[in-house]
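Residue-level listing of the chains:
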Amino acid sequence: MDFSLARVFAARNTIAGVADGTPLVPSALTETFGQEFLLKLEIAQPIGAFKLRGALNSVLNLPDGAKGVTCCSTGNHGRGVAFAARQRGLRAVVCMSNLAPQSKIAGVRVLGAEARIIGQSQDEAQDEAERLAAEEGLVDISPFDDPYVVAGQATIGLELLEARPDLDTILVPLSGGGLAGGIAYTAKQIRPDIRVIGITMDRGAAMYESVKAGHPVEVEEVPSLADSLGGGIGLQNRLSFALCREFLDDIVLVTEEDIYRSLQTVYYEDRIVCEGACVVGIAAVQSGRVVLTGPTATIITGRNLDMRSHADIMAGRDVVLGDYIVKGQSYGP
Ligand SMILES: *Cc1c(COP(=O)(O)O)cnc(C)c1O
């Protein structure tokens, strides 16, 4: 396995002053949950999401003379790659599927990258990135399965344990597993007894199914309130699968209804506007699927959401996700 704590410390130096040092704040949910509950606010990143850590580390480590970069992305990795490529004066082409929200596509273009919209899944977007790499010589940067990317995301683990060496549990939103695998690996090198749990939505849970099967498997990708958690882990996965399988204590699934309610909770209780992907850790506790046993942190991973659907949820209106409807519910005890 091509990974080490040294890579994480090196990443920290590389991204210092640009993509590090986000706030760790107490949540109003500490009262409700009966354990200290902390939020790591990656929404404070220059691109509004933690993915800048990994993308920047990866792009800044490219050899001189690189022709440009490409990637597939549900939106935030593309934004990170676009930001990093602009810093190095490199061309960037971000491949996204038709499931990507308009706000995320616009977010990539505004940073000067080309957004290429292709197919109905992350896998199809990934195929296009690989084609660009083969035919145009661009470097394809995986959103979760690249040692530089994982090391970048893992710097969150260092920051968490430096701020709070006494943490009992870290709840990490999980998709391709670069974030959760990197944090779990890092936290356990420093504090082997810490509990790290990956959380994702129950519809299209690629890493969950893969860990259960013992090897990477494909799942059908469907629209979700947690759109940033969509997509497979790659049948040829080299790193993030092994990290998640070995270092996560558990993988917990939450429903769209859980995510809906927790988006309201974090807004009305903590006054935070964030993506559905961010609140899966909160949803896991609110739904009783995770029981807290000491000071706990979760990562509020990004804020690049569609504000209209956010307004619908805050007002308690129904949300339509393809052929699935999340029933509206107004917020209250
Ligand atoms: C990418 C992403 C995740 C999941 O990260 P992985 O490394 O793919 O598991 C969680 N939240 C947001 C907002 C993301 O963009």
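Residues numbered from 1 in each chain as written. Predicted model: local features only at pLDDT ≥ 70, side-chain atom pairs only at ≥ 80, totals over all residues. Heavy atoms only, no water.

The protein carries the name Threonine dehydratase in an unreviewed UniProt entry, which gives Marivita geojedonensis as its organism. What UniProt states about the protein under its Sequence similarities (unreviewed entry) heading is, verbatim, "Belongs to the serine/threonine dehydratase family." Looking at the protein in UniProt, the text filed under Cofactor (unreviewed entry) is "pyridoxal 5'-phosphate". (UniProt positions renumbered as here; feature names shortened; annotations may be inferred.)

Visitor: Looking at this model, I keep getting lost on the domain arrangement of the protein. Mind explaining?
Guide: Where interface size is quoted, it is often the accessible area lost as the parts come together. As assigned here, the protein comprises domain 1 (5–47 + 146–326) and domain 2 (51–140). Put simply, the middle of domain 1 and the middle of domain 2, counted by C-alpha atoms, are 22 Å apart. Between domain 1 and domain 2, the contact holds 34 residues from the first and 24 residues from the second. Taking both partners together, domain 1 and domain 2 bury about 2,300 Å²; carbon and sulfur atoms supply 55% of that area. Scanning the region where domain 1 abuts domain 2 turns up 4 salt bridges. In this structure, Lys104 and Glu275 form a salt bridge, with 3.2 Å as the shortest nitrogen-oxygen distance. For the pair domain 1 and domain 2, the number of links is 15 residue pairs in polar contact (both at pLDDT 80 or more). With 8 residues, the single largest contributor to the side of domain 1 that touches domain 2 is helix α7 (residues 147–163). Partitioned by chemical class, the residues of the side of domain 1 that touches domain 2 number 12 nonpolar, 12 polar and 10 charged. (Domains from an automatic or database assignment. Contact = heavy atoms within 4.5 Å. Buried area = accessible area lost by both parts, 1.4 Å probe. Salt bridge = Lys/Arg side-chain N within 4 Å of Asp/Glu carboxyl O. Polar contact = N/O pair within 3.5 Å; in protein donor to acceptor, adjacent residues only side chain to side chain. Helix = DSSP H or I, 4+ residues; strand = E, 2+ residues; numbered from the N terminus. Nonpolar A, V, L, I, M, F, W, Y, C, P; charged D, E, K, R; others polar.)

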